[in-house]
Amino acid sequence: MAGVSVNDHTLFCSVSHCMMPCPASVWLDVDLPSPAAQLALDEALLEEAHEGAFPGMVVRAWVATEPVVVLGSSSRVDEEVDRRACAERGVAILRRPSGGATVVLGPGCLMWSVITPHPEAAPPIEQIHAAMLDPLAASLSRQAGMPVVRRGLSDLAIRSDGGERKVSGNALRVKRHGVLYHGTLLDSLDLGLVSTVLRHPPREPDYRERRPHGSFLANLGLGREPLAAAVRAAFGAEEPREAWPEAAVARLIRDRYADPAWIYRL
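Below, the structure is looked at part by part. (Residues numbered from 1 in each chain as written. Predicted model: local features only at pLDDT ≥ 70, side-chain atom pairs only at ≥ 80, totals over all residues. Heavy atoms only, no water.)

Right, let's get into helix α1 (residues 35-51). Its 17 residues give α1 an end-to-end C-alpha distance of 25 Å, which sits within 8% of 24 Å, the value for a rise of 1.5 Å per residue. Most of α1 sits out of view: 15 of its 17 residues are buried. Positioned one or two residues after α1, G52 has a phi angle of 75°, which is positive. (Helix = DSSP H or I, 4+ residues; strand = E, 2+ residues; numbered from the N terminus. Expected span 1.5 Å × (residues − 1). Buried < 20%, exposed > 50% of the residue type's maximum accessible area, 1.4 Å probe, protein only.)

All right, on to the sheet that holds strand β7 (residues 103-105) then. Spatially, three strands are ordered β6-β5-β7 in an open sheet, and the strand pairing comes out mixed. Of all the strands in the sheet, the pair left with one neighbour each is β6 (92-95) and β7. Averaged over all pairs of adjacent strands, the angle between their axes in this sheet comes to 30°, without regard to strand direction. As paired strands, strand β5 (residues 68-71) and β7 are joined by three bridges and run antiparallel to one another. By the bridge assignment, V68 is partnered in β7 with L105. (Pairing = 2+ DSSP bridges. Axes fitted to C-alpha atoms, helices over the stretch in contact; angles between N-to-C directions.)

Looking now at the packing of aromatic side chains. Applying the stated criterion across every chain yields a total of four aromatic pairs. Between Y207 and F216, the aromatic rings sit 5.2 Å apart at their centres with planes inclined by 50°, giving tilted as the arrangement. In this pair, the class of Y207 matches that of F216, namely buried. In textbook terms, an aromatic cluster arises when at least three aromatic residues are bridged by ring pairs, as seen for W112, Y181 and F235. Between the NZ or CZ atom of R241 and the centre of the ring of F54, over which it lies, the distance is 5.2 Å. (Phe/Tyr/Trp six-rings, centres within 6.5 Å; stacked < 30°, edge-to-face > 60°. Lys NZ or Arg CZ within 6 Å of the ring centre and 35° of its normal.)

Below, the structure is given as structure tokens:
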């Protein structure tokens with residue numbers, strides 16, 4: 001626990017090989033009109049956390065109503081995405097504020113987010129991954145009735161057809177006093193579409209073994225509400241939060257998430 005400061009307003013999240021300060025959690029359920037708005041909300045909440053605007057952890061989940069490709073903050077579009085295939089199928093391309101590779105969202109894919117303030121400075125990256133993924137893997141395992149395990153840097157996987165298949169890819173953005181951690185939970189996503197609109201990623205975890213998307217990814221098949229319940233249980237997000245930073249979301253959409261120059265900058 002060296003370097004971790006605790007005060008009366010924080011709790012410890014104890015996971016394997018990790019101790020990091022975890023404030024009390026709230027659940028934010030906001031119905032926004034587009035994936036761009038939802039991504040902007042994640043970043044707006046990170047800004048609030050960094051600025052000390054709220055004392056606790058905010059947990060949320062959402063589903064895109066139409067398929068959309070979401071680039072990582074440093075992803076190169078033509079290296080990871082088949083733009084022609086996206087155009088032919090009417091699949092929009094967006095960019096998120098966190099790192100990692102490009103993903104496909106849409107019906108059947110739950111996006112989950114945890115935004116955590118860190119008044120004494122954010123902990124090391126390895127501790128953040130553990131503090132987010134270990135409790136979520138345990139909660140999903142209970143919900144699914146089968147092991148969900150951490151693999152690679154920030155994946156969750158299940159054993160299927162004799163091998164391990166990815167069911168969740170996750171990414172983070174760290175500011176000095178706040179952390180955004182978010183990712184996918186594949187439930188009934190059209191995995192054929194993923195193979196169509198995404199190229200093989202330029203980087204991959206060892207357990208992938210060069211498998212194409214179709215034989216590497218898997219759906220959990222639990223349903224949206226059980227998945228959301230697993231997220232809430234993992235982080236103890238029982239109390240609802242009603243307020244959200246509407247003005248900041250509108251600003252971020254205008255300046256970034258709806259701006260092709262920002263989306264296609266790499």
